[in-house]
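Geometric and topological summary
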Amino acid sequence: PVLIKGETGTGKELIARALHSESGRNGEFLAINCSALTSGLLESELFGHVKGAFTGADRMREGLVEKARGGVIFLDEIGDLQPESQVKLLRFIQEGEYYPLGSDLPKRADVRLVFATNHDLQQRQEEGTFRRDLYYRLRAHQVIVPPLRERPEDIPLLIEHYLAEAADQIGKPAPSLAGNVVDALQRYRFPGNIRE
């Protein structure tokens, strides 16, 4: 697994997509936001479920692990994952197998896992809200994305990109900006990072 760390808005998902693109894996890139799902819902989304696994499960449903076979699953906001889900995710990472909800039959997975967080996972594991063993599994391969205020040399490139994109949308040539505008933008702190 790969863990991408950085503030909100730094482009962690774009880096995850680039990892998938360069990986040579031919399956899909699928993303899931861990903070938006309860423990049971996350398991169902990741691993799927069998008919009758819970109220309303009127048919079998494959999860993202099955859909992304040969590809990448991007788990965003991993620092917000609930403790019950952390245990199941750890087993999945260690063993490479999973159980759809309501099933007693394990399945093997062929996916690459990429995680992202804007939290300090070491601090969370010291506080007891993030499993130590999962933390050590995730931190083996890390990509740390610095905030935009620490890389002002990227701002002219971003300006050029966004101007070209906007010009293309309205069917006009991209304008150029005066140097003092670029200088002013490079001095700005961008608390919202690239998203801002």
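Data block above holds the structure.
Residues numbered from 1 in each chain as written. Predicted model: local features only at pLDDT ≥ 70, side-chain atom pairs only at ≥ 80, totals over all residues. Heavy atoms only, no water.

**Quick notes on helix 4 (residues 83–95)**
Selection criterion: Working definition: helices are DSSP H or I runs of at least four residues, strands are E runs of at least two. Numbering for both runs from the N terminus. Residue count minus one, scaled by 1.5 Å, sets the expected span of a helix. Note on contacts: a residue pair is in contact if any heavy atoms of the two residues lie within 4.5 Å.
Between its terminal C-alpha atoms helix 4 stretches 19 Å, which fits the 18 Å expected from 13 residues at 1.5 Å a residue. As for helix 4, its buried residues are in contact with helix 2 (39–47), helix 3 (64–67), strand 4 (97–98), strand 6 (112–117) and helix 6 (132–138). Immediately beyond the C-terminal end of helix 4, within one or two residues, lies Gly96, with a positive phi of roughly 70°.

**Observations regarding unusual backbone geometry**
The backbone of Phe190 sits at a positive phi, close to 45°, despite the residue not being glycine. Here the phi dihedral of Asn193 falls at roughly 60°; this positive angle occurs in a residue that is not glycine. Position of Asn193 among the secondary structure elements: in the segment after helix 8 (179–187).

**Here we look at the environment of Phe130**
Within the secondary structure, Phe130 is located in the loop between helix 5 (121–127) and helix 6. Spatially, the C-alpha atoms of Phe130 and Gly79 are 7.2 Å apart, while their sequence positions differ by 51 residues. Contacts of Phe130, omitting those with residues within four sequence positions, involve Ile78, Gly79, Gln86, Leu121, Arg124, Gln125, Tyr135 and Leu138.

**Examining empty space enclosed by the protein**
Operational definition: Definitions used for this entry: grid spacing 1 Å over protein atoms alone; cavity, a set of points where a 1.4 Å probe fits but cannot get out; pocket, an open set with protein on both sides within 12 Å along at least 5 of 7 lines; lining residue, one with an atom within 4 Å of a point. Grid points are joined across faces, edges and corners, and a volume is the space filled by probe spheres set on the points.
Summed over all chains, the structure comprises 1 cavity of 30 Å³ or more. In this structure, the largest cavity spans a volume of roughly 30 Å³. As for the largest cavity, its lining consists of Leu42, Glu43, Leu46, Phe47, Ser85, Lys88 and Leu89. Only helix 2 and helix 4 provide two or more residues apiece to the lining of the largest cavity.

**So, the pattern of salt bridges**
Side chains that differ in sign of charge can pair as their charged atoms come close. Our working definition: Salt bridges are defined by distance alone: a side-chain nitrogen of Lys or Arg within 4 Å of a carboxyl oxygen of Asp or Glu. Three labels apply to residues, based on accessible area from a 1.4 Å probe with only protein chains included: buried if under 20% of the type maximum, exposed if over 50%, partly exposed otherwise in between.
Enumeration according to the criterion identifies 11 salt bridges in this entry. Residue Arg25 is joined to Asp110 by a salt bridge in which the shortest nitrogen-to-oxygen separation is 2.7 Å. You can see Arg25 sitting in the loop between helix 1 (12–23) and strand 2 (29–33) and its partner Asp110 sitting in the loop between strand 5 (107–108) and strand 6, a full 85 residues away along the chain. Residue classification places Arg25 among the partly exposed residues on the basis of a relative accessible area of 27%. Note that Glu45 and Arg61 form a salt bridge whose closest N and O atoms lie 3.3 Å from each other. Here Arg61 lies in the loop between helix 2 and helix 3 and Glu45 lies in helix 2, a separation of 16 residues in the sequence. The network of salt bridges with common partners includes Arg91, Glu97 and Arg108.

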